[in-house]
Amino acid sequence: MRNEIIAYVKSEIDSGKKGSQIDVVHVVEKYIKSGENYDSAKEILLKNGFSVYEYSIEDAMKRKDIKITYRMGASYKVEQGWWYRRDIQIFLGKSPQSEKIDQIIAKVNFKTI
């Protein structure tokens, strides 16, 4: 999955795509389906080298510094130089109460200093 995301983003950049993000939901949905359980999604993400973090309802209520609007998140740093960074971010679930995956958001961010 990770390599397919990176290849897709490279093709978008090579074709002249501009902006600070590229949507990669369609690639992630090949591997993680809506309605799937979080354990199988976590396994897929970990096997692809992502850092995975999960939130329970209790975690979401305790956090005051950020508003948590998803159940599971994952990130992977694609590349980084002294003046730029590219990373893949995936968010699963509409809220920490989601019992199964009911939403997938996936994007590649481009940050320049």
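In the block above lies the structure referred to throughout.
In this report, the structure presented in the accompanying data block is examined. Residue positions are given per chain, counting from 1 as you read along its sequence in written order. In keeping with the predicted nature of the model, local features appear solely for residues at pLDDT of at least 70, side-chain atom pairs appear and are counted solely at 80 or more, and the whole-chain, interface and lining totals rest on all residues. Note that water and hydrogens are dropped before the side-chain values are worked out from all heavy atoms of the structure.

Attention shifts here to the overall build of the protein. Helix numbers and strand numbers start at the N terminus; a helix is a DSSP run of H or I with at least 4 residues, a strand a run of E with at least 2. Each helix and strand counted, the protein has four helices and five strands in total. Counting from the amino terminus, the protein carries its helices and strands in the arrangement α-β-α-α-β-α-β-β-β. C-alpha atoms define the radius of gyration, and 2.2 Å times the number of residues to the power 0.38 defines the globule rule. Its C-alpha atoms give the protein a radius of gyration of 15 Å, within 12% of the compact-globule value 13 Å for 113 residues. Its C-alpha atoms give the protein principal-axis dimensions of roughly 40 × 30 × 20 Å. Here's how the labels work: a residue is buried when its accessible area is under 20% of the maximum for its type, exposed when over 50%, partly exposed in between, all with a 1.4 Å probe on protein chains only. Within the span of the protein, comprising 113 residues, buried residues form 35% of the whole. A contact between two residues is defined here by any heavy atoms of the two lying within 4.5 Å. For the protein, contacts bridging at least 24 residues in sequence account for 55% of all contacts bridging at least 6. Here the Shrake-Rupley method, with its probe set to 1.4 Å, supplies the accessible areas, and only the displayed protein chains count as covering residues. As displayed, the protein has an accessible area near 7,000 Å², and 49% of this comes from carbon and sulfur atoms. Here Asp and Glu are counted as negative and Lys and Arg as positive; His is not counted, and neither are the chain ends. Think of each charge as sitting on NZ of Lys, CZ of Arg, CG of Asp or CD of Glu. Each charge class in the protein was averaged separately, 20 positive and 16 negative side chains, and the resulting centres sit 4 Å apart.

Before going further, it helps to examine the nonpolar core. Ranked by internal contacts, the top residues of the largest apolar core, which has 23 residues, are I5, V28, I32, L45, I90 and L92. Sorting the residues of this core by element identifies α1 (2-14), α2 (25-28), α3 (38-47), β3 (72-80), β4 (84-92) and β5 (104-112) as the ones contributing at least two each. With near-sequence residues (within four places) excluded, L92 lies in contact with I32, Y38, A41, L45, Y70, R71, M72, I101, Q103 and I104. By convention a nonpolar core is built from buried Ala, Val, Leu, Ile, Met, Phe, Trp, Tyr and Cys residues, the set being connected through side-chain atoms within 4.5 Å. Counting five residues, the second largest nonpolar core, distinct from the first, contains Y55, A60, Y70 and F91.

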